[in-house]
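# Examining the three-dimensional arrangement
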Amino acid sequence: MNIFRRLPYLFKRISENLRVWKFSRYEVVTMRILFAFVIYQTMPLGKPFSNLTQGLFPAINSAISNKEKNEQFRPPLPPIVELLPNSSERMTFDSQPSPNGIARLVDLTFFSNDRFVSLLPWIVIPAILLYASGMALPITLPLLTFISIGSRTLSNSQGAINHGFQLVSAILLIQTSIILFGWIYRLIKKRHFVDRRQRTVRDYFIYSTILLCVGFYMIAGYIKLIKSDGEWIKNSPYIGIQLVKTDRQNYYTNMDAKHFGQSKVRWASDMLEHPNFTRVFMGCGLCLELFAFVALFGRGWCAITGLMIIGFHQLNDEIMGLMFYHNEKIVWIFLVNLPFWLVILSRKIRKDPALIPLLSDEESEPEALPT
């Protein structure tokens, strides 16, 4: 009976935590700078930007040239090569044989045009620097969003779909929407937007990004259930067959007998031989996606959920070769939010808020970690 008496209190606490959080300036600046680096990595700039470290720091490239050295700090981080300041390769597609998304309405092959590619760094790099500094966001964000969505739509219009850049483009789109809303509001009302709880555009800018990340994983989980008619967990052991097919495909693509093409594919046989264990194991991953919304219950829940999602990605990489390194970096930046916890830890240790960066006067201590 005591549990039922506490239910109204619990629902009240949950509803309070589900409201938009307030973010300190140092959080917003840190997140923006780190995400600017991820944006740069996803831009199709081509050479010399796509192999920048090879030209500037050849020793680094040679030190991580083999798979073992590249993975030596993983987990918890993505492979070292994914943390280097290299952009993506340029677009090389001169047609849209299978138009996808906006490619059904617009010819996006200009992203592969030599003249446009040579001009692209002069657009992208200043825009990223302005984004990182927080300046001219109503101009820079729409530009970066269009380039991100347009170039990846062209790539996805070749007959195969790649989801590795999807979250980056979606975040740029939602951030653009928030910034343009704040800009239009200021033009009409002649003042900055502030809601009833004193939340500003800055707070909505970050919170909407966190909300999008959470929704991204929840949608992935529900799609699994919908597409499998609710039998995804039951049929999960058959993923082992797909692992064998992928291994054989990788072997014939790379001819790398050291890592692919073995008589016994790692993990695949275990999945097929122990189906119930596989169902429990894969079911945990599905539950993590379905219940990712618990990240919105408070700062502690957000950080813990983020760390679990990172572990989930690393297991997918290890077992199935599904690599979403940009997603991992985004989760580190927005969900785990290490700078916030380092500042809080410093406050607790020093017990002197004057010695460290502070949360603003209107902000409170973070929500306690869940117990």
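Everything in this summary refers to the structure shown in the same document. (Residues numbered from 1 in each chain as written. Predicted model: local features only at pLDDT ≥ 70, side-chain atom pairs only at ≥ 80, totals over all residues. Heavy atoms only, no water.)

### What to know about the environment of glutamine 198
Convention followed: By definition, any uninterrupted DSSP run of H or I lasting at least four residues is a helix, any uninterrupted run of E lasting at least two residues is a strand, and each is numbered from the N terminus.
Summarising the element assignment, glutamine 198 is placed in the loop between α8 (166-189) and α9 (201-227). When the C-alpha positions of glutamine 198 and lysine 22 are compared, they lie 8.5 Å apart, and in sequence the two are 176 residues distant.

### So, the packing of α9 against helix α13 (residues 275-290)
Quick reminder of the rule: Note on definitions: angles span 0 to 180 degrees between N-to-C directions of axes, and those axes are lines fitted to C-alpha atoms, for helices only across the stretch in contact. For classification, angles of less than 35 degrees are called roughly parallel, those exceeding 145 degrees roughly antiparallel, those between 65 and 115 degrees roughly perpendicular, and all remaining angles oblique. A crossing counts as left-handed when the near helix is turned anticlockwise from the far one by less than a right angle, and as right-handed when that turn is clockwise. The contact criterion used is simple: two residues touch if any of their non-hydrogen atoms lie within 4.5 Å. Residues were grouped as follows: Ala, Val, Leu, Ile, Met, Phe, Trp, Tyr, Cys and Pro as nonpolar; Asp, Glu, Lys and Arg as charged; and all remaining residues, including Gly, as polar.
It is the contact of α9 with α13, at a shortest axis distance of 7 Å, that shows an interaxial angle of 125°. The pairing of α9 with α13 is recorded here as oblique in orientation. Relative to α13, the crossing made by α9 is left-handed. Taking contact as the criterion, the partners of Tyr217, Met218, Ala220, Gly221, Tyr222, Lys224 and Leu225 in α9 are, on α13, Leu286, Glu289 and Leu290. Its residues assigned to classes, the contact of α9 with α13 comprises seven nonpolar, one polar and two charged.

### Concerning helix α15 (residues 325-336)
Inclusion rule: The span you would expect from a helix comes to 1.5 Å times its residue count less one. In this scheme, a residue with accessible area under 20% of its type's maximum is buried, one over 50% is exposed, and one in between is partly exposed, where area comes from a 1.4 Å probe on protein chains only.
Its 12 residues give α15 an end-to-end C-alpha distance of 15 Å, which sits within 8% of 16 Å, the value for a rise of 1.5 Å per residue. Counting buried positions along α15 gives 12 out of 12 residues, so the element sits mostly inside the fold. Those residues of α15 that fall on the buried side of the exposure criterion are Tyr325, His326, Asn327, Glu328, Lys329, Ile330, Val331, Trp332, Ile333, Phe334, Leu335 and Val336. At the C-terminal side of α15, asparagine 337 shows a positive phi close to 55°.

### Thoughts on the packing of aromatic side chains
Quick reminder of the rule: Ring geometry is summarised as follows: Phe, Tyr and Trp rings, the Trp one being its six-membered ring, pair when their centres sit within 6.5 Å, and such pairs are stacked at plane angles under 30 degrees, edge-to-face over 60 and tilted between the two. A ring has a charge above it when a Lys NZ or an Arg CZ is no more than 6 Å from the ring centre and no more than 35 degrees off the ring normal.
All chains considered together, the criterion is met by 18 aromatic pairs. Consider the rings of tryptophan 21 and phenylalanine 23, whose centres lie 6.3 Å apart with planes at 45°: the pair is tilted. The same class applies to tryptophan 21 as to phenylalanine 23, namely buried. Between phenylalanine 277 and phenylalanine 281, the aromatic rings sit 6.4 Å apart at their centres with planes inclined by 15°, giving stacked as the arrangement. Linking phenylalanine 277 with phenylalanine 281, this pair stays in helix α13, spanning four residues, or about one helical turn. On the basis of relative accessibility, which here comes to 59%, the residue phenylalanine 277 falls in the exposed class. In this structure phenylalanine 281 comes out as partly exposed when scored by relative accessible area, which is 33%. What links up through ring pairs into an aromatic cluster is the set Phe110, Phe111, Phe116 and Phe146. Looking at arginine 152, its charged tip hangs above the ring of phenylalanine 165, at a distance of 3.7 Å from the centre.

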